[in-house]
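Take a look at the letters that make up each chain.
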Amino acid sequence: MATKAVLATKAEVIAREKAVRRTCRGPLAKGAREKINQLLSGGKDEAARTLDESSRQRCGHDLNEIFLTGPLDGEIHKYKCPSCGVDGTYRAALAV
Ligand SMILES: [Zn+2]
């Protein structure tokens, strides 16, 4: 007997997603993107991750505020941080 996938309601999804803290990491320092891309293309993923982390100008804006007020359609959406202006994408949670 096949199990039926049960989609969560919007309220359930919002409650679940809010439990995960998602904050803006802020913009990258000038020139860091190029160095990070060089490390990535050289297969040095861990070094790239470390440089990315240390090159961020901490913002801390609560991104759940954006992610959970948009459509909960499971699709990828663009956003711009209202505090620091960083652009990004996120995959929305899916609700019925
Ligand atoms: Zn920000």
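Each remark here, short or long, concerns the structure printed above.
Residues numbered from 1 in each chain as written. Predicted model: local features only at pLDDT ≥ 70, side-chain atom pairs only at ≥ 80, totals over all residues.

**Student:** What is the right way to read the overall build of the chain from this model?
**Tutor:** Assigned secondary structure in the chain consists of 4 helices and 2 strands. Counting from the amino terminus, the chain carries its helices and strands in the arrangement α-α-α-α-β-β. For 96 residues, the compact-globule estimate of 2.2 N^0.38 gives 12 Å, and the C-alpha radius of gyration of the chain, at 17 Å, exceeds that figure by more than 25%. Across its three principal axes, the chain shows a C-alpha extent of roughly 50 × 35 × 20 Å. For the chain, the residues scored as buried account for 6% of the 96 residues in total. A separation of at least 24 residues holds for 55% of the contacts in the chain among residues at least 6 apart in sequence. (Helix = DSSP H or I, 4+ residues; strand = E, 2+ residues; numbered from the N terminus. Rg over C-alpha atoms; globule rule 2.2 N^0.38 Å. Buried ≥ 20, exposed ≤ 12 C-beta atoms within 10 Å, placed from the backbone. Contact = placed C-beta atoms within 7 Å.)

**Student:** How do you make sense of the packing of helix α2 (residues 32-41) against helix α3 (residues 45-54) when you look at a structure like this?
**Tutor:** In a pair of packed helices, the angle between the axes and the distance between the axes together describe the arrangement. Where α2 contacts α3, the two axes come as close as 8 Å, and the packing angle between them is 165 degrees. One element, α2, and the other, α3, form an angle in the roughly antiparallel class. Considering only the axes of α2 and α3, their crossing is left-handed. Taking contact as the criterion, the partners of A32, K35, I36, L39 and L40 in α2 are, on α3, D45, A47, A48, L51 and D52. Class assignment for the residues of the contact of α2 with α3 results in 7 nonpolar, no polar and 3 charged. (Axes fitted to C-alpha atoms, helices over the stretch in contact; angles between N-to-C directions. Parallel < 35°, antiparallel > 145°, perpendicular 65-115°, else oblique. Left-handed = near helix turned anticlockwise from the far one by under 90°. Nonpolar A, V, L, I, M, F, W, Y, C, P; charged D, E, K, R; others polar.)

**Student:** I keep staring at the pairing of strand β2 (residues 87-91) and nothing clicks. Help me out?
**Tutor:** Every regular strand shows the same layout, with side chains that alternate between the two sheet faces. Here β2 lies mainly on the outside; 0 of its 5 residues are buried. Where strand β1 (residues 76-80) and β2 come together, 5 bridges link them in antiparallel fashion. Residue pairing across strands places I76 opposite R91, the latter belonging to β2. (Pairing = 2+ DSSP bridges.)

**Student:** Can you walk me through the environment of I14 in this structure?
**Tutor:** Structurally, I14 is set in helix α1 (residues 10-18). For the pair I14 and R49, spaced 35 residues apart in sequence, the C-alpha to C-alpha distance is 29 Å.

**Student:** Looking at this model, I keep getting lost on the pairing of β1. Mind explaining?
**Tutor:** The buried count for β1 comes to 0 of 5 residues, which makes it a mostly uncovered element. Joining the antiparallel neighbours β1 and β2 is a turn of 6 residues, in which G85 adopts a positive phi near 85 degrees.

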